[in-house]
Amino acid sequence: MRPGGTVGYSLVDRRLWFTPSVSLRSNLAYELVLGDWVRGIDGSTPRTFVPSVFVTGNTDEGRPPSPPDPSFDDDVAPVLERRCGYCHGETRPYAGLALWPVERLDEAAARASVEWIGWRVLAPGSPERSYLLYKVTGAPGLVGERMPPRDPLSRDEAAALERWIALGASR
Ligand code: HEC
C-alpha cells in the first residue's frame, strides 16, 4: 500500500515527517523509502539514505503528547524583542529589517529578502520558505552571518519561531 498524505519539515530539528491521510493497519511492518523527488534548496539530491522499517502497534495508547502551540506573547515576542530588537528595531534597523515592535511584523512579512533574491523574509504558514528561519538556524550557503550574530538562539527559541510561522505568524 502507498498511502497519500502530507509531508512536514523542521529546519530547526532537521526532521522530515510524513502524515498518511489514511490510518495504517495495526501490527504490520511498513518500509519507509525516500522518493527521488527529494531535493536540497540548491537542487542537490540526497547523498545517503538508510531505508527503515517500522511496525505499527495495537492502539495509540502511550503515544507522546504533541507539544503545545507556542504563545505569541510568551514565547515569540520576547525572543524578537530581546534577541533581535536591538538591531532590528524601529530606528535604522540592520538590513532595513524591523522585527520589533510587533506592529512592524506585517511589514516584515510583506518584504522580500535583500540577501536571498526571490525569497521572503517571513512567509506566514511556510517556515521552509522563510529566509529568517535559515538565518537563525545557520543553513549552509547563507549570505552574511547566522542570527543573532555570534549568539545563536537556543533550540527552544528557534523552535518557537518555526512553529509560530507554521501556524500563520499571527499575533
Ligand atoms: C547584533 C545585531 C543583530 C542582531 C541581534 C540580529 N541581527 Fe539580523 N542582521 C544584522 C545585520 C548586521 C544584518 C545584515 C548582515 C548579515 O546578514 O550578516 C542582519 C540581517 C538579517 C536578516 C536578512 C534580511 C534580508 O532582507 O535578507 C534577517 C532575516 C535577520 N537579520 C534576522 C534576525 C533575527 C530573526 C534576529 C533575532 C533572532 C536577528 N536578526 C538578530 C544584525 C543583527
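Residues numbered from 1 in each chain as written. Predicted model: local features only at pLDDT ≥ 70, side-chain atom pairs only at ≥ 80, totals over all residues. Heavy atoms only, no water.

Undergrad: Whenever I open this one, the side chain of His88 confuses me. Can you help?
TA: With respect to the helices and strands, the residue His88 is situated in the loop between α1 (72-84) and α2 (105-109). Of the residues examined, His88 reaches a relative accessible area of 11% and is grouped as buried. Apart from residues lying up to four places away in sequence, His88 is in contact with Pro93, Tyr94, Leu97, Ala98, Leu99, Trp100 and Met147. (Helix = DSSP H or I, 4+ residues; strand = E, 2+ residues; numbered from the N terminus. Buried < 20%, exposed > 50% of the residue type's maximum accessible area, 1.4 Å probe, protein only. Contact = heavy atoms within 4.5 Å.)

Undergrad: Explain α1 here, please?
TA: In an α-helix there are 3.6 residues to a turn, and that puts residues three or four apart on one side. The end-to-end C-alpha distance of α1 is 15 Å, clearly below the 18 Å that 13 residues give at a rise of 1.5 Å each. Among the residues of α1, those classed as buried are Phe72, Val76, Ala77, Pro78, Val79, Leu80, Arg83 and Cys84. Along its buried surface, α1 packs onto α2 and α4 (155-166). (Expected span 1.5 Å × (residues − 1).)

Undergrad: What's the story with the site of the ligand in this structure? I'm lost.
TA: Near the ligand there are 25 residues, and of these Cys84, Cys87, His88, Glu115 and Met147 occur at the shortest range. Contact distances for the ligand include 2.6 Å between an oxygen atom and a side-chain N or O atom of Ser113. Side-chain polar atom of Lys135 to an oxygen atom of the ligand: 2.7 Å apart, as the coordinates give it. Elements supplying a minimum of two residues to the shell around the ligand: α1 and α3 (131-137). Residue composition of the shell around the ligand, grouped by class: 17 nonpolar, three polar and five charged. (Near = heavy atom within 4 Å. Polar contact = N/O pair within 3.5 Å; in protein donor to acceptor, adjacent residues only side chain to side chain. Nonpolar A, V, L, I, M, F, W, Y, C, P; charged D, E, K, R; others polar.)

Undergrad: Help me out: how do you make sense of the nonpolar core in this one?
TA: One broad trend across soluble globular proteins is that nonpolar side chains are buried collectively. Among the nonpolar cores identified, the biggest contains 32 residues, and Phe72, Leu80, Leu99, Leu105, Tyr134, Leu161 and Trp164 are the most heavily contacted of them. Those elements that place two or more of their residues in this core are α1, α2, α3 and α4. The element best represented in this core is α1, accounting for six residues. Excluding residues within four positions of it along the chain, Trp164 makes contact with Pro70, Phe72, Val76, Leu105, Leu122, Ala169 and Ser170. (Core = buried A, V, L, I, M, F, W, Y, C linked by side-chain atoms within 4.5 Å.)

Worth remembering: the numbers are spatial, not functional.
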